[in-house]
Amino acid sequence: MNLPAARLDRIARLHVLAAGLPGVAVHETTFDAPFAQVWGWLSDLERSVPAFDSDVASLVVLRRAPGHDGGERLLIRSRSGPTWLWLPAVFDVDLAPGWCWMASRPQTYVVGMAAEPDGDRTRFGHLEGLAFSVSRPWAVPLVPVLALSAWRHRRHIPRDVAAMARHVERAGG
Amino acid sequence: MPSDPRGGEGGEGSREPSGPGDPLVGIGNDEEQVSPDVVRRAQRGDAWALDALVRSLEPYLGRICGAIALQAGDDALQEAMIAVIRNIRSLREPAALRGWARRIAVRESLRAVRAGRAVPLDPGAALAQVPALDDQATAVEVRAVLDGLAPEQRAVLALRHAGAGEQEMADLLGVAPGTVKSRLSRARAAFREQWSS
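Residues numbered from 1 in each chain as written. Chains lettered and ligands numbered in written order. Predicted model: local features only at pLDDT ≥ 70, side-chain atom pairs only at ≥ 80, totals over all residues. Heavy atoms only, no water.

**Thoughts on the pattern of salt bridges**
Residue and element names in this part refer to chain A.
At step 1: Applying the stated criterion across every chain yields a total of 17 salt bridges over all chains.
At step 2: A salt bridge links E116 to R7; its shortest N-O distance comes to 3.6 Å. On the criterion of sequence distance, the pair formed by E116 in strand β6 (residues 109-118) and R7 in the segment before α1 (10-18) is long-range, its members being 109 residues apart.
At step 3: According to the relative accessible area criterion, R7 is partly exposed, its value standing at 46%.
At step 4: Salt bridges here are not isolated pairs; linked through shared partners, they connect R7, R10 and E116. (Salt bridge = Lys/Arg side-chain N within 4 Å of Asp/Glu carboxyl O. Helix = DSSP H or I, 4+ residues; strand = E, 2+ residues; numbered from the N terminus. Buried < 20%, exposed > 50% of the residue type's maximum accessible area, 1.4 Å probe, protein only.)

In structure tokens, the structure reads:
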């Protein structure tokens, strides 16, 4: 028998991870849809990501393997839209119920999505941005770049999340 | 009512053995150790290492924050984990991770309690957080007993069972080692008394 234990929910975990990634931003909201409906739509990354992220033209799952928490480890390839010259990118993905953590190869970009049931609604958090830290002296010039990345993503993520809301809240109708 | 949960009397300077009825079992060194490589990679900002570090430390720090800050424990744990991740680069020796993180967790828990974020105990909410049916009543009783102790007494109990030495506890709590001894002794006595009443 244990002492009462505190818990870090998945959205809190996103905020914790953001503390180590100065180039990312986190946006939190509540969807007016139950968790199963939200995650049922979001976790189908091939369909959901191009639908809510205007920077992504397409996404393909290249490989699937068992992950932790009953989830999967995926390897995906996304292709950006015209703004980014249709550039491809490969990501490793840790996908589990209520949790999606993606980092590009090589590790320059990171995306996190977390959801927690809240009655008939769903609390949701989205993290995104450049995946660099400034732990090495040569990385110090990156500080303004990372600040710019965080600033851009503070503006960009709410737009994506609003698009998600339209989809997930419609998915049950 | 359960019997004295602490079992025998241990010396002040040594960790006491944990028996089957010890309600403080669980704050200990039973968590998976984080490898030095994961710590080094997390210090460089590796996204996967950061996630692994958070997952590995959460149960250990969660028990410390839960025991000291009670219902403010979740907030204290989040603040502690943010401080750990934000300052991970300052950790010189990966092997010192748990002790270093433990000090941060205690500091944030005491801060949460002193800021008044520890709201009165709600047995219903506590019960809802306990998964094992057989342990439910006992877990709520432990929580109720802890709620009756001063935050500093909860802190020394949690720290002792997390393996902290007297000097570390003294440094953390800003008191003399002798004060830690007497505070620990009083905390144990208070726990026993309230547990048996």
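**What about helix α2 (residues 47-69) of chain B?**
Residues and elements named next belong to chain B.
At step 1: At E58, α2 shows its largest kink, close to 40°, and the proline P59 lies no more than four residues downstream.
At step 2: Most of α2 is tucked away: 20 of the 23 residues are buried.
At step 3: L70 occupies a position one or two residues after α2 and carries a positive phi of about 50°. (Bend = angle between axes of the 7 residues up to and from the residue.)

**Points about the sheet that holds strand β2 (residues 56-66) of chain A**
Residue and element names in this part refer to chain A.
At step 1: Ordered by their spatial adjacency, seven strands build an open sheet running β1-β7-β6-β5-β4-β3-β2, and the pairing between neighbours is antiparallel. Looking at strand neighbours, the two that pair on one side only are β1 (24-31) and β2, the edges of this open sheet. Direction aside, neighbouring strands of the sheet carry axes that sit 20° apart on average.
At step 2: Strand direction decides the pairing type here: strand β3 (residues 72-80) and strand β4 (residues 88-96), joined by eight bridges, are antiparallel. Counterpart to I76 in the pairing with β4 is F91.
At step 3: Across the face of the sheet, α1 comes into contact with β1, β5 (99-105), β6 and β7 (121-130) while running at roughly 155° to β6.
At step 4: Where helix α4 (residues 142-171) meets the sheet, it contacts β1, β6 and β7, and its direction lies at approximately 145° from that of β7. (Pairing = 2+ DSSP bridges. Axes fitted to C-alpha atoms, helices over the stretch in contact; angles between N-to-C directions. Contact = heavy atoms within 4.5 Å.)

**Some thoughts on the confidence of the model for chain B**
Residues and elements named next belong to chain B.
At step 1: Confidence in the prediction for chain B averages 73 pLDDT; 70% of positions are at 70 or higher.
At step 2: Under a pLDDT of 50 for its full length, residues 1-30 has, in the predicted model, 78 contacts with residues more than four places off or in other chains.
At step 3: With a pTM of 0.75, the predicted complex shows an ipTM of 0.88. (pLDDT = per-residue confidence, 0-100.)

**Examining the pairing of β5(A)**
Residue and element names in this part refer to chain A.
At step 1: The buried fraction of β5 is high, at six of seven residues.
At step 2: Where β4 meets β5, seven bridges bridge the pair, whose relative direction is antiparallel. Considered in β5, the bridge of D92 is made with A103.
At step 3: Adjacent in sequence and paired antiparallel, β4 and β5 are bridged by two residues, among which G98 carries a positive phi angle near 80°.
At step 4: In this sheet, β6 lies alongside β5 in antiparallel orientation, the contact comprising five bridges. Opposite C100, over in β6, you have M113 as the bridge partner.
At step 5: Counted along the chain from β5 to the antiparallel partner β6, the turn is three residues long.

**A word on the environment of A96(B)**
Residues and elements named next belong to chain B.
At step 1: Looking at the element boundaries, A96 is found in the loop between α3 (73-86) and α4 (97-114).
At step 2: Residue classification places A96 among the partly exposed positions, given a relative accessible area of 33%.
At step 3: On a C-alpha basis, the gap between A96 and L149 in space is 30 Å, while along the polypeptide they are 53 residues apart.

**Looking at the side chain of E116(A)**
At step 1: On the basis of relative accessibility, which here comes to 8%, the residue E116(A) falls in the buried class.
At step 2: At a separation of 2.9 Å, a polar atom in the side chain of E116(A) contacts the main-chain amide nitrogen of R10(A). (Polar contact = N/O pair within 3.5 Å; in protein donor to acceptor, adjacent residues only side chain to side chain.)

**Looking at the packing of aromatic side chains**
At step 1: Following the criterion strictly, the structure yields two aromatic pairs over all chains and no others.
At step 2: Ring geometry for W99(A) and W101(A): centres 5.9 Å apart, planes at 20°, overall stacked.
At step 3: The exposure class assigned to W99(A) is buried, which follows from its relative accessible area of 2%.
At step 4: Since its relative accessible area comes to 0%, W101(A) is described here as buried.
At step 5: Over the face of the ring belonging to W48(B) we find R73(A), whose NZ or CZ atom lies 4.6 Å from the ring centre.
At step 6: A cation sits over an aromatic face here: R98(B) above Y60(B), 4.0 Å from the ring centre. (Phe/Tyr/Trp six-rings, centres within 6.5 Å; stacked < 30°, edge-to-face > 60°. Lys NZ or Arg CZ within 6 Å of the ring centre and 35° of its normal.)

**Some words on the packing of α4(B) against helix α8 (residues 166-173) of chain B**
All names here are of chain B.
At step 1: Two elements in contact, α4 and α8, have axes whose closest approach is 10 Å; the angle formed by their N-to-C orientations is 40°. Considering their axes alone, α4 and α8 lie oblique with respect to each other. In this structure, α4 meets α8 at a crossing whose hand is right-handed. Residues G99, R102, R103, V106 and L110 of α4 form the contact with α8, whose participating residues are E168, L172 and L173. (Parallel < 35°, antiparallel > 145°, perpendicular 65-115°, else oblique. Left-handed = near helix turned anticlockwise from the far one by under 90°.)

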